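Here's the letter readout for the chains.
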Amino acid sequence: MAHTHNKSFNTEQMHRARITGVGHYVPENIVTNDDLSTFMDTNDEWIRERTGIEERRWVKEGDGNTAATMGIKAATMAIKNAGLTKDDIDHIVFATISPDYYFPGCGVQVQEAMEMGTIGATDIRNACSGFIYATSIANAFVQTGMYENVLVVAAELQSPFLDKTTRGRGLSVIFGDGAGAAVVSRAPEGHKGIMSCHMHSEGKHKEELTMKGFGTQHWLDEYDEKGIIPEIHFPQMNGNFVFKHAVVRFGEVIGEALKTNRMMPDQIDCLIPHQANLRIAQFIQKRMGLRDDQVFNNIQKYGNTTAASIAIALSEAVQTGAVKEGDTICLAAFGAGFTWGSVLMEL
Ligand code: UT7
């Protein structure tokens, strides 16, 4: 049957949205800190102490993993866990900064591979805030009654584009590959679902965490004569600067979510922060006075998977029982742009 998903837009009929199913996928190939020290000047002690990361997943050439294929695996799991089929999905929102193609975005690859009629596919590029932004967009679609079930996918294939020499060690040891997904659906009466979404940006810091190389202002820049790839073709990060802003903005945007919902930190069952650096998460935890069981981290195993990180963490938290239906969960992110945001919800 043909999809007829463009429902009439009626602002008088506002709905609540909730996440009904989550899923994730990470490549099989584990890269430990010791593995990294075989090809750059780094060591396990430095990486653990400064970031909390013990290992990450990096795709292996020929393993078939791309941002889209990993996203499709996560999406399949999320749809199944939501108790739905792909035919129930009305729209796709795909968040990534490492798409298979410069254009079109990965959303259409999900539509094609999962044979989802001709439903719309929105692509967004909000880096570490990608899952927050994507979920906020899905929430708005469901709230207005435009769609009933929106598939949010967040996936990153970053490892091939990292500077794996000592020159790039301040950044490349942090990042990993993987995908997460969630289905945002109309909530039943009485379910609070997604209670608030907040998004922010501050473009004056765009060059503090950036990859200029694929941008149209830079794609003709020549490689240098010795064949050494210029830094602009790799992600660049002013780590200290980003760290200092991250801790402030995380605090602000979580505070904003709590204030909007007239809640205190002790009413959050679980905070799932973007997995950028364990030290950032611990700083926020301490400042908010949260117990260990109120914060979910898995950066130790996966590193920083940019847009995918919160989606992977949420899926793992559900899978391991760290969070359960009915829990009050706060998602929060900060990253390139700078952009940052939070989602407060009842699962
Ligand atoms: O996800 C998006 C948002 N991103 C973030 O939130 C990341 C925020 N920033 C960070 O997490 C941290 O700044 C980093 C983990 C990236 C870096 O940690 P840091 O404590 O800020 O280290 P640093 O950059 O100040 O470097 C300290 C020292 C330097 O050596 P000297 O100059 O003190 O001799 C670096 O050269 O550590 C050296 N260094 C390393 N040594 C071993 C930098 N990277 C490495 C490495 N292995 N991988």
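Worth saying up front: this structure is predicted, and the values here are computed from it rather than measured. Think of each chain on its own: its residues are numbered from 1, step by step along the sequence as written. Thresholds applied to this predicted model are a pLDDT of at least 70 for local features of residues and 80 or more for the giving and counting of side-chain atom pairs; totals over whole chains, interfaces and linings are not thresholded and use all residues. Note that the side-chain values use all heavy atoms of the structure and ignore hydrogens as well as water.

> Just checking my understanding: could you explain the site of the ligand for this structure?
Taken together, the neighbourhood of the ligand is formed by 23 residues, with Thr 42, Arg 50, Asn 240, Asn 277 and Asn 304 sitting nearest. One nitrogen or oxygen atom from the side chain of Trp 46 is found 3.1 Å from an oxygen atom belonging to the ligand. Polar contacts, as used here, are pairs of N or O atoms within 3.5 Å; protein pairs need one atom able to donate a hydrogen and one able to accept it. Residues neighboring in sequence count only if both atoms are side-chain atoms. Arg 169 is positioned such that a nitrogen or oxygen atom in its side chain is 3.0 Å from an oxygen atom of the ligand. A 1.4 Å probe and the Shrake-Rupley method give the accessible areas. Residues count as covered only by the protein chains that appear here. For the ligand, whose free accessible area comes to 950 Å², the fraction covered by protein is 74%. Nearness is judged by heavy atoms alone; a residue qualifies as near a molecule or strand once a single heavy atom is within 4 Å of it.

> Looking at this structure, how should I read the sheet that holds strand β12 (residues 328-335)?
Hydrogen bonds between backbone groups are what pair the strands of a sheet, and the pairing can be parallel or antiparallel. The strand order across the open sheet formed by four strands is β8-β13-β12-β11, and the pairing between neighbours is mixed. Each end of this open sheet is capped by a strand with a single partner; those strands are β8 (194-201) and β11 (270-273). The mean inter-strand angle of the sheet, taken between neighbouring strand axes irrespective of direction, is 10°. Sheet topology note: the β11/β12 ladder contains four bridges and is parallel. Looking at the pairing, Leu 271 lines up with Cys 330 of β12. Packed onto the sheet, helix α10 (residues 308-319) meets β11, β12 and β13 (339-346) and runs at close to 145° relative to β11. Strand pairing is assigned whenever DSSP identifies at least 2 bridges connecting the two strands. To qualify as a helix, a DSSP run of H or I must reach at least 4 residues; to qualify as a strand, a run of E must reach at least 2; elements of each kind are numbered from the N terminus. Fitting a line to C-alpha atoms yields each axis, with helices limited to the stretch in contact; the angle taken between N-to-C directions then spans 0 to 180 degrees. A contact between two residues is defined here by any heavy atoms of the two lying within 4.5 Å.

> Can you help me understand unusual backbone geometry in this one?
Backbone geometry follows two general trends: most residues other than glycine have a negative phi, and most peptide bonds adopt the trans configuration. For the bond running from Phe 103 to Pro 104, omega is 0°, close enough to zero to count as cis. Inspection of the secondary structure puts Pro 104 in the loop between β4 (91-95) and α4 (107-113). The omega torsion of the bond from Gly 337 to Phe 338 falls at -10°, within 30 degrees of zero and hence cis. Looking at the secondary structure, you find Phe 338 in the loop between β12 and β13. With phi around 50°, Glu 115 is a residue other than glycine that occupies positive phi space. Among the secondary structure elements, Glu 115 is positioned in the loop between α4 and β5 (120-124). Overall, Glu 115 belongs to the exposed group, its relative accessible area being 59%. Although it is not a glycine, Arg 262 sits at a positive phi angle of roughly 50°. Mapped onto the elements, Arg 262 comes out in the loop between α7 (239-260) and β11. Think of it in three bands: residues with accessible area under 20% of the maximum for their type are buried, residues over 50% are exposed, and the middle band is partly exposed, with areas taken using a 1.4 Å probe on protein chains only.

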